[in-house]
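One letter stands for each residue in the lines below.
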Amino acid sequence: MKREAKTIARNRKASHEYELMERFEAGIELTGTEVRSLRENNCQLTDCFAIIRGGEVWLHNVHIPPFSQGNIANVDPDRKRKLLLHKKEIRMLQEKTRERGMALVPTKMYFKENALVKVELALARGKKTYDKRASMAERDSRREIERALKERSR
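Residues numbered from 1 in each chain as written. Predicted model: local features only at pLDDT ≥ 70, side-chain atom pairs only at ≥ 80, totals over all residues. Heavy atoms only, no water.

Student: Quick one: what's the story with the overall build of the chain, residue by residue and with numbers?
Tutor: Scanning the chain from N- to C-terminus turns up four helices and seven strands. Starting at the N terminus and walking to the C terminus, you meet the elements of the chain as β-α-β-α-β-β-β-α-β-β-α. With the C-alpha coordinates aligned to their principal axes, the bounding extent of the chain is approximately 60 × 40 × 30 Å. The proportion of buried residues among the 154 residues of the chain is 32%. Of all intrachain contacts in the chain linking residues separated by at least 6 positions in sequence, the fraction that spans at least 24 positions is 68%. Counting 35 positive and 23 negative side-chain charges, the chain places the centres of these two groups 1 Å from one another. (Helix = DSSP H or I, 4+ residues; strand = E, 2+ residues; numbered from the N terminus. Buried < 20%, exposed > 50% of the residue type's maximum accessible area, 1.4 Å probe, protein only. Contact = heavy atoms within 4.5 Å. Lys, Arg positive; Asp, Glu negative; His and termini not counted. Charge placed at Lys NZ, Arg CZ, Asp CG, Glu CD.)

Here's what the structure looks like:
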């Protein structure tokens, strides 16, 4: 019996702070108590980022609180975690992040149908303040247009 993909956490701040270019799906190396904690929807992705070191991708600043019924087996909630990607993908990401202003930002964490925990990474470029204002104005105008069309159809 297959399940639907269930979202654990989203990094909504990422789309505001960065211009998201490409997205990649990566596995994440976790312990058993961390997975149980994620099943309780405990995770915080707000100020996290990914770094490529020694041919491996590491996820920093992800807070997974200790499992409520856990014991000594609980690990440090803020430890860095290894992401699982193919070597070709890692090499390609390393080349692209060498460009100035490019970063790897996790946008969401979720359970896949087969109950594996996955992280969606986005190759991103930081937005300037005026870019943020422009995207907010665009979003507001789109909302106004939708509202006007909805009123007209009534």
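What follows picks up the thread again.
Student: Can you explain the pairing of strand S2 (residues 18–28)? Please cite residues and give values.
Tutor: Pairing of S2 with strand S7 (residues 117–126), which is carried by nine bridges, proceeds in the antiparallel orientation. For Arg23, the partnering residue across the bridge sits in S7 and is Ala122. Strand direction decides the pairing type here: S2 and strand S5 (residues 81–84), joined by two bridges, are antiparallel. Opposite Ile28, over in S5, you have Leu83 as the bridge partner. (Pairing = 2+ DSSP bridges.)

Student: Run through the pairing of strand S3 (residues 49–53), naming residues and quoting values.
Tutor: Residues Ala50 and Ile52 line the buried face of S3, whereas the alternating positions Phe49, Ile51 and Arg53 sit on a face that is not buried. The turn joining S3 and strand S4 (residues 56–60), which pair antiparallel and follow one another in sequence, is formed by two residues; a positive phi near 60° is taken by Gly54.

Student: Before we move on, could you go through the pattern of salt bridges and cite the residues and values that matter?
Tutor: Enumeration over the complete set of coordinates arrives at 13 salt bridges. One salt bridge in this structure joins Lys96 and Glu22, with 2.4 Å as the shortest N-O distance. Of this pair, Lys96 sits in helix H3 (residues 87–97) while Glu22 sits in strand S2, and the two are 74 residues apart along the sequence. Residue classification places Glu22 among the partly exposed residues on the basis of a relative accessible area of 30%. The closest approach of N and O atoms between Glu56 and Lys82, which form a salt bridge, is 3.1 Å. Separated by 26 residues along the polypeptide, Glu56 in strand S4 and Lys82 in strand S5 bring together distant segments of the chain. Note on Glu56: relative accessible area 27%, which makes it partly exposed. (Salt bridge = Lys/Arg side-chain N within 4 Å of Asp/Glu carboxyl O.)

Student: Pulling in residues and values, what's your account of the packing of aromatic side chains?
Tutor: The tally for this structure, following the rule as stated, stands at zero aromatic pairs. Arg39 extends its terminal NZ or CZ atom over the ring of Phe111, reaching a point 4.5 Å from the ring centre. One cation-aromatic arrangement involves Lys80 over Trp58; the distance from NZ or CZ to the ring centre is 5.3 Å. (Phe/Tyr/Trp six-rings, centres within 6.5 Å; stacked < 30°, edge-to-face > 60°. Lys NZ or Arg CZ within 6 Å of the ring centre and 35° of its normal.)

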